[in-house]
Protein chains: 2
Amino acid sequence: MDRLNRLQSLMEELGFTSFILTSNANIFYFTGFMGSGYLVVPLNGEYKLYVYPIDYEAAQTYCIQGVEIIKIKATSNIADIISNLPSNLKKKVGFDRLEAEQYLKVKDYVESINLSQDLVWRLRSIKDQEEIEKITKASEITSRCMELASDIIGEGVRESEVKAQILEEMIESGSDKPAFDLIVVSGERSSLPHGGIGDRTMGRGDVVIVDIGASYQGYCADMTRTFYIGSNPPDEVLNIYNLILDTKNLVEENTKSWILASSLDEVARTIITSKGYGEYFVHGLGHGIGIEIHEPPKINPASQEILQENNVITIEPGIYIPKKFGVRIEDTLVVGRDNVVKLTSYSYDLAVY
Amino acid sequence: MDRLNRLQSLMEELGFTSFILTSNANIFYFTGFMGSGYLVVPLNGEYKLYVYPIDYEAAQTYCIQGVEIIKIKATSNIADIISNLPSNLKKKVGFDRLEAEQYLKVKDYVESINLSQDLVWRLRSIKDQEEIEKITKASEITSRCMELASDIIGEGVRESEVKAQILEEMIESGSDKPAFDLIVVSGERSSLPHGGIGDRTMGRGDVVIVDIGASYQGYCADMTRTFYIGSNPPDEVLNIYNLILDTKNLVEENTKSWILASSLDEVARTIITSKGYGEYFVHGLGHGIGIEIHEPPKINPASQEILQENNVITIEPGIYIPKKFGVRIEDTLVVGRDNVVKLTSYSYDLAVY
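Residues numbered from 1 in each chain as written. Chains lettered and ligands numbered in written order. Predicted model: local features only at pLDDT ≥ 70, side-chain atom pairs only at ≥ 80, totals over all residues. Heavy atoms only, no water.

Caption draft 1: Just the nonpolar core, in detail. I153(A), I166(A), V210(A), I153(B), I166(B) and V210(B) are the most contacted members of the largest nonpolar core, which has 52 residues in total. If sequence neighbours within four positions are ignored, I153(B) has contacts with V162(B), M202(B), V208(B), V210(B), F227(B), I229(B) and V352(B). (Core = buried A, V, L, I, M, F, W, Y, C linked by side-chain atoms within 4.5 Å. Buried < 20%, exposed > 50% of the residue type's maximum accessible area, 1.4 Å probe, protein only. Contact = heavy atoms within 4.5 Å.)

Caption draft 2: Spotlight on the sheet that holds strand 15 (residues 312-315) of chain A. Residues and elements named next belong to chain A. Read across the sheet, 5 strands follow the order 14-13-15-18-19 without closing on themselves; strand pairing throughout is antiparallel. Edge positions in the sheet fall to strand 14 (295-299) and strand 19 (340-342), since each has one partner strand and no second. Adjacent strand axes in the sheet meet at a mean angle of 30°, parallel and antiparallel pairs treated alike. Bridge count for strand 13 (residues 286-288) against strand 15 is 3 bridges, and the pairing is antiparallel. Across the sheet, the residue bridging to H287 is T314, located in strand 15. (Pairing = 2+ DSSP bridges. Helix = DSSP H or I, 4+ residues; strand = E, 2+ residues; numbered from the N terminus. Axes fitted to C-alpha atoms, helices over the stretch in contact; angles between N-to-C directions.)

Caption draft 3: Here's a closer look at the pairing of strand 1 (residues 18-21) of chain B. Residue and element names in this part refer to chain B. Of the two faces of strand 1, the one lined by S18 and I20 and the one lined by F19 and L21 are each fully buried. Here 4 bridges tie strand 1 to strand 2 (residues 38-42), and the two strands are oriented antiparallel to one another. Bridge assignment links L21 to a residue of strand 2, and that residue is L39.

Caption draft 4: Expanded view of the interface of chain B and chain A. Listed by partner, the interface residues are 46 residues for chain B and 46 residues for chain A. Ranking the residues of chain B by area buried against chain A places I54(B), E57(B) and I197(B) at the top, with a combined share of 17%. Along the contact surface separating chain B from chain A lie 4 salt bridges. A salt bridge links R158(A) to E172(B); the shortest N-O distance between them is 3.5 Å. Where chain B meets chain A, there are 16 residue pairs in polar contact (both at pLDDT 80 or more). Elements that contribute at least two residues to the side of chain B that touches chain A include exactly helix 3 (53-62), helix 5 (100-106) and helix 8 (159-172) of chain B. (Buried area = accessible area lost by both parts, 1.4 Å probe. Salt bridge = Lys/Arg side-chain N within 4 Å of Asp/Glu carboxyl O. Polar contact = N/O pair within 3.5 Å; in protein donor to acceptor, adjacent residues only side chain to side chain.)

Caption draft 5: Expanded view of the side chain of D206(A). All names here are of chain A. Residue placement: D206 occurs in the loop between strand 8 (183-186) and strand 9 (207-212). Within the local environment of D206, its side chain forms a polar contact with the backbone nitrogen of G203, the two atoms lying 2.8 Å apart. Sequence-distant contacts of D206, that is, excluding residues within four places in its chain, are made with S186, G187, R200, T201, F227, Y228 and I229.

Caption draft 6: Region of interest: unusual backbone geometry. Between P296(A) and the following residue, P297(A), the backbone shows a cis peptide bond with an omega angle of -5°. With a phi close to 45°, Q217(B) is a non-glycine residue in the positive phi region. You can call Q217(B) partly exposed: its relative accessible area is 32%. Despite not being glycine, W258(B) has its phi angle at roughly 70°, a positive value. Along the chain, W258(B) turns up in the loop between helix 9 (235-253) and helix 10 (261-274). Overall, the relative accessible area of 63% leaves W258(B) in the exposed class.

Caption draft 7: How the structure looks around the sheet that holds strand 6 (residues 112-115) of chain A. Residues and elements named next belong to chain A. Pairing in this open sheet of 6 strands is mixed, and the strands run 4-3-2-1-5-6 from one edge to the other. Edge positions in the sheet fall to strand 4 (67-71) and strand 6, since each has one partner strand and no second. Between one strand axis and the next, the sheet turns by 20° as a mean value, whatever way the strands run.

Caption draft 8: View of the relation of the copies chain B and chain A. For the pair chain B and chain A, the relating rotation is 180°, the translation along its axis is 0.0 Å, and the fit reaches an RMSD of 0.0 Å. When the rotation and shift are considered jointly, the pair of chain copies conforms to a two-fold rotation axis. (Least-squares fit on C-alpha atoms with pLDDT ≥ 70 in both.)

Caption draft 9: Quick peek at helix 1 (residues 2-14) of chain A. All names here are of chain A. Helix length check: helix 1 (13 residues) gives 19 Å between terminal C-alpha atoms against 18 Å at 1.5 Å per residue, within 8%. Here helix 1 has its buried residues at R3, L4, L7, Q8, L10 and M11. Buried residues of helix 1 fall within an arc of 160° about the axis and therefore sit on the same side. Facing away from the buried surface of helix 1 by more than 90 degrees, the exposed residues are D2, E12 and E13. (Expected span 1.5 Å × (residues − 1). Arc of directions from axis to C-beta.)

Encoded structure:
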């Protein structure tokens, strides 16, 4: 209920008469129910969660006390709900996410429509103790899976075998599900940050990127390690690896509350560019993480955000040499007042054999 | 290229000067590239795929010939792309999916904006031979996993153990990833169609629902079986199980091209209601399936669609008795001219022991 009260305080600041949440992740954040529906939060008065018949029992099971749960017809849509709201709620209405079709359907039913996902991010991006505990647990499971990955990886092993073993370990360790599609890419495939459909048998001399994350009670972790199969990585691999590791360490030493997120990206990009690899660092330095795998604060050149205590973020510099190999190292971290605390942990040794 | 040509034919029918695709699944369908970007299809002229730096190499690797791949800045958005299109393309522009924010950003850059995801569904809902082969492979892997599930399920086994083993088997068998979050729910949890976060140790006398699907080269399968742990299911379980199985068989016998999808739902709902369980059949009878787990044609009371040859669909009647148990049986099927062909297959025996 605290979270809903905080939303109402923000609504009051902005003069909203009601706020309507349509995103599953937001509804989960405010009610504990994970499924689809519409949550109506008036400035004053009763909270109402509208759900379809398929989710009605689950909503009754998981939704917090103090929210009225209303079963709607399978054929109902958001316009049906909004058109039936009392008119005092329809003066200045905030929404989190709307599809264009939904927007066109509902805009004539309210006096003023305000797309205000940012308002919810102001709450969700600062994690409370319970959330940090869940992400910590997700991170521990993820770290254990990374250790397993490093044990399995080797000559003659398929990428898919590593994924299969990690998934099994993840769920056996108490994860609800993987937080995203696991990435295990080797050889020249490691130069694709997202991997892509395919499978490959690893060989001696391969670089292997493992990017994995568990979800625990609805909260995600995210972690990447880069390995080299063999005892003597070539200089090019070693140099890039050390550059990425040094960059990550330096960024993390400088990460704390009240820092501009874009300045961290700039530090990393400046170092990597000074060594001639700027054009191969093809993504942002990191991102917030929580119920969703990518949340604010973004940590990239265009980010407008200032880091706050209890943001949970990833730092993940990477260099990708097309058709050759890629290197990425990533951990999940909590931003403290004057430092960061790492939630994922596993050795940064490059060579496995 | 055939698929893009077919889209252009539909565009010509409707007088569209261009069509802009933003959905990852649609871009994959038309280009073979799975990632985010914007695909611009002019009525005449060059196809252009705009991708961010992070996906540029993957787009070059996976995108079909004949589509120009353009790297855009990480900070670019859809409005930047549309504002730079030649004006003859901006007269009547179709879009697949747009967020409300995107809609508001782009609407002033084009003469006429048309939200026309339906146009793409007219193509995607009818699968070609290559797509049916991939869904068949996904279905075979899924069926094998269901056999494994029925072997593992028993007294003292946790739901999570079953999920973990299935995930391992799925990936080892060549699946890219699970097609959705696997559902293994037992006892009173089986009355929640989507399960929900949690884990439970199964006991004798439990009903267990296993709803799983593999993705193979980007295509999904979907399959559900219901089991009873023990050799003598109580009458209530047995009666509901047989009702669901009979309903499913009857529906499948009547499924073929040129049938109204809603009429199949009506047949199932009428039978189930006549036995007194109508209010417990809390979801639609089925759905189309392909690159996404839920696609048109919808098979529910509100569906306006007529089944076509080479639709791939699921049929999944279910009954859920709150706080007691649920029963659902589901297969993935291809619609033929005069029949359906089942792609998933595993025994319909209720009792496991």
